[in-house]
Amino acid sequence: MSSKEKPTLGGQRIKTRKRNIAAPLDTASFSDAIVQIYLDNAGDLELVAKSIESSDLNFSRYGDTFFEVVFIGGRTQPGTIKPEEEGDRHPYSVLDCAAQREAILPYILYIQKTLRRRPFLIKNLENVMRKFLQSLEFFEENERKKLAIFTALAFSQKLSGLPPETVFQPLLKDNLVSKGIVLLFITEFFKEYLKDNTLDDLIALLKKGKMEDNLLEFFPSAKRTSEALSEHFTKEGLTSLVEYNEKKMFEVKLKDIKSTLKTMISEESEISEVTEAVKQQVKDAKFPDIEVVRMLWDVLMDAVQWSGKNQQQNSNSALRQVTSWAGLLNAFCTSGRLELELIYKVQTQCYEDAKLMKLFPEIIRTLYDQDVLAEDTILLWFRKGSNSKGRQSFVKALEPFVKWLEEAEEEE
């Protein structure tokens with residue numbers, strides 16, 4: 001008998017892996033389980049927190065649903081803030097409590113405790129808060145107040161990882177702003193937050209939320225003026241915020257005027273042209289005349305081409321600048337009070353800037369020769385000046401010039 005080879009299959013055998021089939025979402029069962037925990041513990045948040053901590057519910061999958069139950073007592077309909085008609089609910093939610101910090105603070109502490117156990121839930125808190133804040137118009141006024149207090153306390157208590165932009169950016173929806181809903185919400189937020197924190201803390205928070213320079217964006221377009229902002233927040237007792245905004249507006253206007261002036265000086269424009277341009281901006285900005293004088297001196301000195309080591313060259317450059325632009329200074333130093341302010345400004349800069357320290361008497365003499373400073377103003381500063389910065393040495397340095405002025409006055 002002859003043996004035959006057994007037939008074999010050609011090609012490569014492909015191994016197949018078992019597929020991981022994800023279980024379908026069951027938000028209803030999860031929501032009902034959380035609601036039952038609330039009901040079993042009669043809304044006692046400490047007991048609720050303990051029960052949740054020991055539970056084996058899938059929070060990583062249903063985090064959004066968990067916070068919906070926290071805020072409104074049950075899950076919402078997909079894509080809305082409306083409560084789901086089916087499913088259980090509990091009466092111990094954030095929106096069910098009183099619109100007072102004492103009633104809402106326990107919820108903050110409860111969530112803080114939950115986040116320490118499950119830090120990944122912070123993203124779900126962001127999601128739910130963003131959804132609610134973008135839908136403020138669908139909440140009752142009292143509910144919006146509760147959300148504002150909750151949000152303020154969340155930041156005040158430094159709720160783990162909650163980024164400020166999550167709160168402020170969703171508020172800037174045009175329809176919410178135009179209806180005045182955002183202004184009322186943010187006003188309640190400011191009032192509540194400032195009970196526990198300083199204005200600097202609030203500004204730092206706004207800065208993180210990219211809103212520190214944009215308070216007017218919370219106002220309807222028809223009321224988006226500095227006057228409306230001051231009137232509203234003053235009425236609400238937030239005068240510190242009004243003062244902050246006025247300071248910021250002042251800085252913005254000052255920057256604009258300085259920019260215009262620097263450009264015209266660098267282009268060597270006519271003094272009359274520069275004077276008119278500055279006067280117009282000062283008028284439009286309602287700029288205090290004392291601040292104008294201070295600003296003019298700063299810009300003129302900033303425009304000097306300083307030498308690194310040559311002191312004589314620095315002195316010549318500074319005095320040349322004063323002489324060249326004396327007409328501009330003269331146009332704004334229109335009273336003895338403003339002339340005295342200019343002397344104080346020169347005194348301060350000479351005291352703080354080493355390269356100008358010995359130049360004080362020469363600058364004053366030049367300003368006198370160019371009719372910017374009157375004799376009476378110089379004598380008043382010499383005898384009764386109130387700025388203490390380097391005063392003793394500057395008075396001594398100016399003595400020869402003052403003596404000359406007094407002798408000239410006697411001769412007359």
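All values reported here derive from a predicted model rather than from experimental measurement. Numbering of residues begins from 1 in every chain and follows the order in which that chain's sequence is written. A pLDDT threshold of at least 70 governs which residues receive local features in this predicted model, and a stricter bar of 80 or more applies before side-chain atom pairs are shown or counted, although totals over entire chains, interfaces and linings include all residues. Excluded from the side-chain calculations are hydrogens and water; all other atoms, namely the structure's heavy atoms, are used.

Could you clarify how one ought to interpret the overall build of the chain in this entry?
Helix numbers and strand numbers start at the N terminus; a helix is a DSSP run of H or I with at least 4 residues, a strand a run of E with at least 2. Of regular secondary structure, the chain possesses 20 helices and zero strands. Computation of the radius of gyration draws on C-alpha atoms, with the globule rule given as 2.2 Å multiplied by the number of residues to the power 0.38. Taking 412 residues into account, the globule formula puts the C-alpha radius of gyration at 22 Å, and the chain, at 35 Å, lies well above it. Residue pairs in contact within the chain that sit at least 24 positions apart in sequence constitute 69% of those at least 6 positions apart. To measure how exposed things are, a 1.4 Å probe is used in the Shrake-Rupley method; for residues, cover is taken only from the protein chains shown. For the chain, the exposed area adds up to about 23300 Å²; of that, 47% sits on carbon and sulfur atoms. Note on definitions: a residue-residue contact is assigned when non-hydrogen atoms from the two residues lie within 4.5 Å.

What is the right way to read the environment of R365 from this model?
Its place among the elements puts R365 in helix 18 (residues 360–369). Per-residue accessibility, obtained with a 1.4 Å probe over protein chains only, is compared with the maximum for each type, and a residue is labelled buried under 20%, exposed over 50%, and partly exposed between these values. Owing to a relative accessible area of 33%, R365 belongs among the partly exposed residues under this scheme. Sequence-wise, R365 and K223 are 142 residues apart; in three dimensions their C-alpha atoms are separated by 51 Å. In contact with R365, other than residues within four places in its own chain, are F401 and W404.

Whenever I open this one, the pattern of salt bridges confuses me. Can you help?
Between side chains of opposite charge, a pair can form when the charged atoms approach closely. Salt bridges are defined as contacts in which a side-chain nitrogen from Lys or Arg sits within 4 Å of a carboxyl oxygen from Asp or Glu. Within this structure, the stated rule accounts for 17 salt bridges. Linking D289 and R337 is a salt bridge whose minimum nitrogen-to-oxygen distance equals 2.9 Å. One end of the pair, D289, is in helix 14 (residues 289–302); the other, R337, is in helix 17 (residues 336–352), and 48 residues separate them in sequence. Relative accessible area serves as the criterion here: at 37%, D289 is assigned to the partly exposed category.

Any chance you could explain the packing of aromatic side chains here in plain terms?
Between rings of Phe, Tyr and Trp, where Trp is taken as its six-membered ring, a pair exists when centres lie within 6.5 Å; planes separated by under 30 degrees are stacked, by over 60 edge-to-face, and by other angles tilted. The final tally for this structure, using the stated rule, is 20 aromatic pairs. Each ring, one from F30 and one from F59, has its centre 5.4 Å from the other, and the planes form 85°; the classification is edge-to-face. With F30 in helix 1 (residues 27–40) and F59 in the loop between helix 2 (45–54) and helix 3 (63–72), the pair connects residues that are 29 residues apart, well separated along the chain. Overall, the relative accessible area of 2% leaves F59 in the buried class. Placement of a charge over a ring requires the Lys NZ or Arg CZ to be within 6 Å of the ring centre, with the centre-to-atom vector within 35 degrees of the ring normal. Above the face of the W381 ring, R391 is positioned so that its terminal group lies 5.1 Å from the ring centre.

I tried to follow helix 3 on my own but got confused; where do I start?
Side chains three or four residues apart in an α-helix point the same way, a direct result of the helix having 3.6 residues per turn. Burial analysis of helix 3 places nine of its ten residues in the buried class, the great majority of the element. Turning to helix 3, its buried residues are G63, T65, F66, F67, E68, V69, V70, F71 and I72. Packed against the buried residues of helix 3 are helix 1, helix 2, helix 4 (101–117), helix 5 (122–133) and helix 6 (141–156). Just beyond helix 3, the residue with positive phi is G73, at close to 90°.

What is the right way to read helix 5 from this model?
In this scheme, a helix's expected span is set at 1.5 Å multiplied by one less than its residue total. The first and last C-alpha atoms of helix 5 sit 16 Å apart over twelve residues, in line with the 16 Å expected at 1.5 Å per residue. Here helix 5 has its buried residues at I122, N124, L125, E126, V128, M129, F132 and L133.

Quick question: what am I supposed to make of the confidence of the model for the chain here?
Interpreting fine coordinate detail is not advised for predicted regions of low pLDDT. Summary of the metric used: pLDDT quantifies the predictor's per-residue confidence within the range 0 to 100. For the chain, the average pLDDT comes to 89, and 92% of its residues sit at 70 or higher. Highest mean pLDDT in the chain belongs to helix 9 (residues 181–193) (96); lowest belongs to helix 7 (residues 165–168) (81). Confidence over residues 18–23 falls short of pLDDT 50; this stretch has two contacts with residues more than four positions distant or in other chains.

It is not clear to me how the packing of helix 12 (residues 239–266) against helix 14 should be interpreted in this structure. Could you clarify?
To describe two helices that pack against each other, one gives the angle between their axes and the distance between the axes. Fitted lines through C-alpha atoms give the axes, limited to the stretch in contact for helices. The angle between two N-to-C directions lies from 0 to 180 degrees. For the pair helix 12 and helix 14, the least separation of the axes is 10 Å and the interaxial angle reads 45°. Put simply, helix 12 runs oblique to helix 14. Remark: the crossing between helix 12 and helix 14 carries right-handed chirality. Residues F250, L254, I257, K258, L261, K262 and I265 of helix 12 lie in contact with helix 14, whose contacting residues are E291, M295, L296, D298, V299 and L300. Note on residue classes: Ala, Val, Leu, Ile, Met, Phe, Trp, Tyr, Cys and Pro are nonpolar, Asp, Glu, Lys and Arg are charged, and everything else, Gly too, is polar. Among the residues forming the contact of helix 12 with helix 14, the class breakdown is nine nonpolar, no polar and four charged. Each angle is binned into one of four classes, with values under 35 degrees roughly parallel, values over 145 roughly antiparallel, values of 65 to 115 roughly perpendicular, and all other values oblique. Helix crossings get a hand from a simple test, with the near helix turned counterclockwise from the far one by less than a right angle marking a left-handed crossing and a clockwise turn marking a right-handed one.

So what exactly am I meant to see when it comes to unusual backbone geometry here?
Generally, phi is negative for residues other than glycine and the peptide bonds are trans, each holding for most cases. A positive phi angle, close to 55°, is found at E268, a residue other than glycine. Tracing the backbone through its elements, the reader meets E268 in the loop between helix 12 and helix 13 (271–285). For E268, a relative accessible area of 69% translates into the label exposed. Look at D371: it is not a glycine, yet its phi comes out positive at around 65°. Its location among the elements puts D371 in the loop between helix 18 and helix 19 (375–384). A relative accessible area of 58% means that D371 is categorised as exposed.

So what exactly am I meant to see when it comes to the environment of R75 here?
Here R75 lies in the loop between helix 3 and helix 4. C-alpha separation for the pair R75 and D64, spaced eleven residues apart in sequence, amounts to 8.9 Å. Setting aside chain neighbours within four positions, we find R75 in contact with T27, A28, S31, T65, E68, V69, P83, E84, E86 and R89.

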